[in-house]
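Working through the structure, step by step
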Amino acid sequence: MPVIRMTDLPAPPEGKTGWPWTEESQPAAAALPGGRDWPRITVVTPSLNQAEFLEQTIRSVLLQGYPNLEYIIMDGGSDDGSLAVIRKYAAHLASWDSRRDRGQGHAINKGWRQSTGEILCWLNSDDYYLPGTLQVIAEALTAGTGAYAVAGHCMVVYADGRPPHRSVGRFEGLDRLLRFWKGYHMHQPSIFWRREVFEKVGYLDESQYFIMDFDYWVRIARHFEFRNIDRELSCATRHSDAKTGDGYCGYQRDMRSLAPRYWGPRTRPGYWRLRASLLKHDCAPYVMYAYWAVNRRLKSLTPRPKPHSEFPH
């Protein structure tokens, strides 16, 4: 398919400038080094009432300057103007649909069922890619590189105008991923994988809401290593209506309640090592507080030396 350029797209809304409104990625070369064709990349965007952010998401995909793009949008029946945005760019989409679904996971799975790409991912409708991302991903995941999944850095941007910040993305092994309470650094919009991974791992677990992405990374990591890319690939938007807009409370609750399902059988030592590690992590603040409180009490009971003024001269 031909590379989409700025002049091929509708004009951006008035007042919108910069990437991806009035700027575009440098178009990719005609072929990969060595003359190989660019692998097809399938991007699926699930959306529901995200008209405020959706157009930025769409333009950031289409203006990648990537010559073998399959872009699919699965809308859940929005009533906020999202359909007008989608129709505005429909001529450049491989497919789109707008009907009530069973949630985000179901929408993404519907898109993947239509996909034909060698490389897969999903991009939520309030996030967006940075220029040149898809070219970097194609070079990293093209057949013969030995890489099957990659993770990169992410810029966190705020809808309320706060300054953005860089969030490092990296895979540190399955064991560290399972010890999520120590922190793991995998940012969903900056993660991509080959079709071989999808064929092995399958679809998203639609029963998951908060930890759908974590569940998928664990399932991938049981069979494949993620290769780290030292580059910012995407921007994730923080806003009050986002799934994690509650300060990640629901996410943390589900992670803790569902964590044991990822630890393996209770008959194996690994299960109990992970449980002990989580217990130690959760108890550490209380232990530290108790230590501080006891020391403070002991100090209050220790007689203090009298001031010099109280001693006879």
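All residue numbers refer to positions counted from 1 along the written sequence of the respective chain. For this predicted model, a pLDDT threshold of at least 70 governs which residues receive local features, and a threshold of 80 or more governs which side-chain atom pairs are given and counted, while totals over whole chains, interfaces and linings are taken from all residues. Computation of side-chain values: all heavy atoms of the structure, hydrogens and water removed.

A few points about the overall build of the protein
Comment: elements are numbered from the N terminus, with helices defined as DSSP H or I runs of at least four residues and strands as E runs of at least two. When its secondary structure is counted, the protein shows nine helices and nine strands. When accessible area is computed with a 1.4 Å probe and restricted to protein chains, residues below 20% of their type maximum are described as buried, those above 50% as exposed, and intermediate ones as partly exposed. Within the span of the protein, comprising 313 residues, buried residues form 49% of the whole. Counting only contacts in the protein whose residues sit at least 6 apart along the sequence, the fraction spanning at least 24 positions is 75%. Between two residues, a contact is recorded if the distance between any of their heavy atoms is within 4.5 Å.

Structural notes on the packing of aromatic side chains
Two aromatic rings from Phe, Tyr or Trp, using only the six-membered ring of Trp, form a pair when their centres are within 6.5 Å; if the ring planes differ by under 30 degrees the pair is stacked, by over 60 it is edge-to-face, and anything between is tilted. Evaluated as defined, the whole model comprises 22 aromatic pairs. Relative to Phe226, the ring of Phe171 lies with its centre 5.0 Å away and its plane at 45°, an arrangement referred to as tilted. In this pair, Phe171 is assigned in the loop between β7 (165-167) and α5 (174-178) and Phe226 in strand β9 (residues 226-238), connecting sequence segments 55 residues apart. Each of the two residues, Phe171 as well as Phe226, counts as buried. Both rings, one in Tyr216 and one in Trp217, keep their centres 6.3 Å apart while their planes meet at 65°; by these two values the pair is edge-to-face. The pair formed by Tyr216 and Trp217 is uniform in burial state, with each residue classed as buried. Each member of the aromatic cluster is reached from another via a ring pair, and the members are Trp112, Trp122, Phe171, Trp193, Phe198, Tyr203, Tyr216, Trp217 and Phe226. Stacked on the ring of Tyr203, the Lys or Arg Arg113 has its end atom at 4.7 Å from the ring centre. When the NZ atom of lysine or the CZ atom of arginine is within 6 Å of a ring's centre and also within 35 degrees of its normal, the charge is said to sit over that ring.

Structural notes on the pattern of salt bridges
Salt bridge, as used here, is a side-chain nitrogen of Lys or Arg placed within 4 Å of a carboxyl oxygen of Asp or Glu. On inspection of all chains with the given rule, the structure shows 14 salt bridges. Between Asp160 and Arg162 there is a salt bridge; the shortest N-O distance is 3.0 Å. Between Arg166 and Glu232 there is a salt bridge; the shortest N-O distance is 2.2 Å. Separated by 66 residues along the polypeptide, Arg166 in strand β7 and Glu232 in strand β9 bring together distant segments of the chain. Judged by its relative accessible area of 26%, Glu232 is partly exposed.

Focus on unusual backbone geometry
Omega for the bond connecting Trp19 with Pro20 falls within 30 degrees of zero, at -5°, which places this linkage in the cis form. Position of Pro20 relative to the elements: it lies in the segment before β1 (41-47).

Concerning helix α3 (residues 104-114)
The buried fraction of α3 is high, at eight of eleven residues. Looking at α3, one finds that the buried residues are Gly105, His106, Ala107, Ile108, Asn109, Lys110, Gly111 and Trp112.

Notes on the pairing of strand β3 (residues 95-98)
Side chains of β3 alternate between two faces, with Ser95 and Asp97 buried and Trp96 and Ser98 left unburied. Two elements, strand β2 (residues 69-75) and β3, share four bridges in a ladder whose sense is parallel. In the strand pairing of β3, Met74 is matched with Asp97. If the strands point away from the viewer and the path from the first strand over the helix to the second runs clockwise, then the crossover is right-handed. Traced from β2 through helix α2 (residues 82-88) to β3, the parallel crossover comes out right-handed. Strands are labelled as partners when DSSP assigns at least two bridges between them.

Quick word on the state of the cysteines
The disulfide criterion is simple: two cysteine sulfur atoms within 2.5 Å. As enumerated under the stated definition, the model contains zero disulfides in all. Lacking any disulfide linkage, Cys154 is separated from the closest cysteine sulfur, that of Cys235, by 6.6 Å. A relative accessible area of 2% places Cys154 in the buried class. When its relative accessible area of 5% is taken as the criterion, Cys235 is described as buried.

Some remarks on the environment of Arg266
Tracing the sequence through the fold places Arg266 in the loop between α8 (249-258) and α9 (269-301). For Arg266, a relative accessible area of 54% translates into the label exposed. If near-sequence neighbours (up to four positions away) are discounted, Arg266 is found in contact with Tyr271 and Trp272.

A look at the environment of Thr22
Turning to its location among the elements, Thr22 is positioned in the segment before β1. Given a relative accessible area of 46%, Thr22 falls into the partly exposed group. Discounting chain neighbours no more than four positions away, the residues touching Thr22 are Met6, Pro12, Lys16 and Thr17. For this analysis, a polar contact is any N or O atom pair within 3.5 Å, provided that within protein one partner can donate a hydrogen and the other can accept it, and provided that sequence-adjacent residues contribute only side-chain to side-chain pairs. Engagement of the side chain of Thr22 in a polar contact is seen with the backbone nitrogen of Gly18, the distance being 2.8 Å.

Description of the pairing of β1
The buried count for β1 comes to seven of seven residues, which makes it a mostly enclosed element. Two elements, β1 and β2, share seven bridges in a ladder whose sense is parallel. When the sheet's bridge partners are listed, Val44 is paired in β2 with Ile72. Handedness of the crossover joining β1 and β2 through helix α1 (residues 51-62) is recorded here as right-handed. Pairing between β1 and strand β4 (residues 119-122): four bridges, direction parallel. Bridge assignment links Val44 to a residue of β4, and that residue is Trp122.

The values are spatial; any link to function lies outside them.
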